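Structural features, examined
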Amino acid sequence: MNPDPSPKPAPNPAAPPEPPVPTVVQIEHGLVIAGVVLVAVLIAFVAAGGFYLRRVAQDVPKPGAERLSVDLSRIGISKAGPRRIDYARLDRRMRLLAEKKSVVGVAIVTIENGEISFAKGYGVTTDGAEGKPVDAHTVFRWASVSKGVAATLLAKMAEEKKLSLRDPVSRWAPSLKLPENAQDVATIDNLLSQSLGIWKNAYDRDLEDGHDPKEIRSRLNQIPLLCPPGKCYSYQNIAYDAASEAAEHAGHKSYAALVQQELFGPLGMQSATTTREGLESSPSWARPHTGRRELKVADAYYRTPAAGGVNSSIIDLGIWMRAQMGGAPRVLSKRVLREIHSPRIRTFSIHRQRELDQSLKEASYGLGWRIWHYQGRQVIGHRGAVDGYRSLILFDPLLKAGVGMLWNSTAVEPTGMQLEVMDMLYNLPFKDWMELDK
């Protein structure tokens, strides 16, 4: 530091007086006080926010079977709207259902006004001494409800320009061979809408007998076409799983990794997996049953994950359903949802239908999703079945309300609950769709 050698001038008494210092001091003092007040306000705001967050953390159930296996109707709905579901009746009906000998364990989730409003488990994970109560975190298999996951993934990848739904299947899934080289004509859209034109459930028995699905897909050209691709509906599993192969080629990762990265992770689906190991390593998982007899977990459809490989708790099924209603726009855009939920092909059944199925009219298939009309309103959903497990989703996308169910038996009675919930949502008279009162 260099000293200043120049002498300082003497004060001049004739010079004009300097501006009063106290004004500056007062201003600085005022700024200091204002700063102190601002800091105090910020501290109070942060403290209040911390208190609010602590209150929220206390009010929202923490992960754990005991906390979430309860009626969530009082904490789930955060958007204004009418309450249409009678949750006391729903709980009563589910308890009656769980008492049926054909039912081992079952879980249900409902959405109302766009938010999860109820989630609860009933029954046990297995029949016998080792059985534990089913709760909202018990993991079940989705079976064919998994098809909507594959379609959603590919539609999202198409939105990101990683592939096109109008691309020929042969470009992305070379293992699929169709009669008359139709794989060069059939599109990803045809694949996901079950309109490849080959026989229903082609070679499913070979898959269940242990054959590799890619090997089976390579000989689907040995059966005749029912119609040109896109012209008729024919439900598939092995052929449909070409979707997982297409995703892997376009995304350069395994199907499991892509689903986790693009869907399950961003949506916060913590229990959702696509493997047998994912099911059996869950802290609470429901064993498969036929009647009351426990079965071994069959792994055939884990080898076709796009067709039937997903597992999760009922909570995560509810999160998935909410996203399909537009509740997670940062993950699933309106464009993606419009693409997968738009009807592509009319579906028909040659089997004798129950009254429940007859009530779901104008049946069509979109991309991995079924579309019906119930009581004059369009509803979207899917059902699933593998050895010892059943599943369903049904929702009204405009009302932003619906129901999902998972159970670990071959019982048919739970299927009726979907319409009992929809009837409540539509303010219709009660009907015993589950036939529990007979």
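Description of the structure in this document. (Residues numbered from 1 in each chain as written. Predicted model: local features only at pLDDT ≥ 70, side-chain atom pairs only at ≥ 80, totals over all residues. Heavy atoms only, no water.)

**A few points about the overall build of the chain**
Secondary structure summary: the chain contains 17 helices and 12 strands in total. Taken over 438 residues, the chain has a buried fraction of 51%. Within the chain, contacts between residues at least 6 apart in sequence are counted, and of these 68% link residues at least 24 apart. If you sum the accessible surface of the chain, you get close to 21,400 Å²; carbon and sulfur atoms cover 56% of it. (Helix = DSSP H or I, 4+ residues; strand = E, 2+ residues; numbered from the N terminus. Buried < 20%, exposed > 50% of the residue type's maximum accessible area, 1.4 Å probe, protein only. Contact = heavy atoms within 4.5 Å. Areas by Shrake-Rupley, 256 points an atom, 1.4 Å probe, with all protein chains shown as cover.)

**Thoughts on the nonpolar core**
Side chains of a nonpolar character, in soluble globular proteins, are inclined to be buried together. Ranked by internal contacts, the top residues of the largest apolar core, which has 87 residues, are Trp142, Val149, Leu192 and Trp320. A per-element tally of this core places helix α5 (residues 147-159) first, with eight residues. Dropping the residues within four chain positions of it, Leu192 is found in contact with Ala151, Leu154, Leu165, Tyr240, Ala243, Tyr365, Gly366, Leu367 and Gly368. (Core = buried A, V, L, I, M, F, W, Y, C linked by side-chain atoms within 4.5 Å.)

**Looking at empty space enclosed by the protein**
Per the counting criterion, the structure on display carries one cavity of 30 Å³ or more. Taken as a whole, the largest cavity encloses approximately 30 Å³ of empty space. Arg89, Glu420, Asp423, Met424, Leu428, Pro429, Phe430, Lys431 and Trp433 together form the lining of the largest cavity. Among the residues making up the lining of the largest cavity, the classes are represented as five nonpolar, no polar and four charged. (1 Å grid on protein atoms, 1.4 Å probe; cavity = no way out; pocket = protein on both sides within 12 Å on 5 of 7 lines; lining within 4 Å. Points joined across faces, edges and corners; volume = space filled by probe spheres on them. Nonpolar A, V, L, I, M, F, W, Y, C, P; charged D, E, K, R; others polar.)

**Considerations on the pattern of salt bridges**
Scanning the model with the defined rule gives 22 salt bridges in all. For Glu112, the salt bridge is made with Arg83, and the minimal N-O distance between the two is 3.7 Å. With Glu112 in strand β1 (residues 105-112) and Arg83 in the loop between α3 (73-76) and α4 (87-98), this pair connects stretches of sequence that are 29 residues apart. The shortest N-O distance in the salt bridge between Asp91 and Lys120 comes to 2.9 Å. Of the two residues, Asp91 sits in helix α4 while Lys120 sits in strand β2 (residues 115-123), which places them 29 residues apart along the sequence. Note on accessibility: Asp91 and Lys120 belong to one class, buried. Three or more residues joined by partner-sharing salt bridges are found here, namely Arg93, Glu420, Asp432 and Asp437. (Salt bridge = Lys/Arg side-chain N within 4 Å of Asp/Glu carboxyl O.)

**Brief notes about the packing of α5 against helix α15 (residues 334-341)**
Direction vectors running N to C along α5 and α15 enclose 130°, while the axes themselves pass 9 Å from each other. Looking at the two axes, α5 sits oblique to α15. Here the hand of the crossing between α5 and α15 comes out right-handed. For the pair α5 and α15, contact is made by Ala151, Thr152, Ala155, Lys156 and Glu159 and by Arg335, Val336 and Ile340, respectively. (Axes fitted to C-alpha atoms, helices over the stretch in contact; angles between N-to-C directions. Parallel < 35°, antiparallel > 145°, perpendicular 65-115°, else oblique. Left-handed = near helix turned anticlockwise from the far one by under 90°.)

**Observations regarding the packing of α4 against helix α17 (residues 417-425)**
To describe two helices that pack against each other, one gives the angle between their axes and the distance between the axes. Where α4 meets α17, the closest approach of the two axes is 11 Å, and the angle between their N-to-C directions is 170°. Taken together, the axes of α4 and α17 lie roughly antiparallel to each other. Crossing angle aside, the handedness with which α4 passes α17 is right-handed. Between α4, through Arg89, Leu90, Arg93 and Met94, and α17, the contact on the second element is made entirely by Met417, Glu420, Val421 and Met424. Of the residues belonging to the contact of α4 with α17, the class tally is five nonpolar, no polar and three charged.

**Here's the deal with the state of the cysteines**
Under the counting rule described, the total for this entry stands at one disulfide. Through a disulfide, Cys227 is tied to Cys232; the S-S separation comes to 1.9 Å. Judged by the sign of its S-S torsion, about -90°, the cystine formed by Cys227 and Cys232 is left-handed. (Disulfide = S-S within 2.5 Å.)

**Structural notes on unusual backbone geometry**
You will see that His252, though not glycine, has its phi angle at about 60°, which is positive. By relative accessible area, which is 69% here, His252 ends up exposed. The phi dihedral of Asn427 falls on the positive side, at around 55°, and the residue is not glycine. By the element assignment, Asn427 lies in the segment after α17. Under the relative-accessibility criterion, Asn427 is labelled exposed at 58%.

**Focus on the side chain of Gln324**
Of note, Gln324 is situated in helix α14 (residues 314-327). Non-local contacts of Gln324, meaning those with residues more than four positions away in its chain, are made with Thr152, Leu332, Leu337, Ile340, His341, Trp369 and Phe395.

**Overview of the environment of Ala151**
Relative to the elements of secondary structure, Ala151 occurs in helix α5. Along the chain, Ala151 and Asp189 lie 38 residues apart, while their C-alpha atoms are 9.1 Å from each other. Here Ala151 is in contact with Leu192, Tyr240, Ile340, Leu367 and Gly368, once residues within four sequence places are set aside.

**Some words on α4**
Between the first and last C-alpha of α4 there are 16 Å, a value that for 12 residues agrees with the 16 Å anticipated at 1.5 Å per step. Where α4 is concerned, the buried positions are Tyr87, Leu90, Asp91, Arg93, Met94 and Leu97. Buried positions in α4, seen along its axis, are confined to an arc of 165° and lie on one side of it. Two to three positions downstream of the cap, the backbone nitrogen of Ala88 sits 3.2 Å from a side-chain oxygen, assigning the N-cap of α4 to Asp86. (Expected span 1.5 Å × (residues − 1). Arc of directions from axis to C-beta. Polar contact = N/O pair within 3.5 Å; in protein donor to acceptor, adjacent residues only side chain to side chain.)

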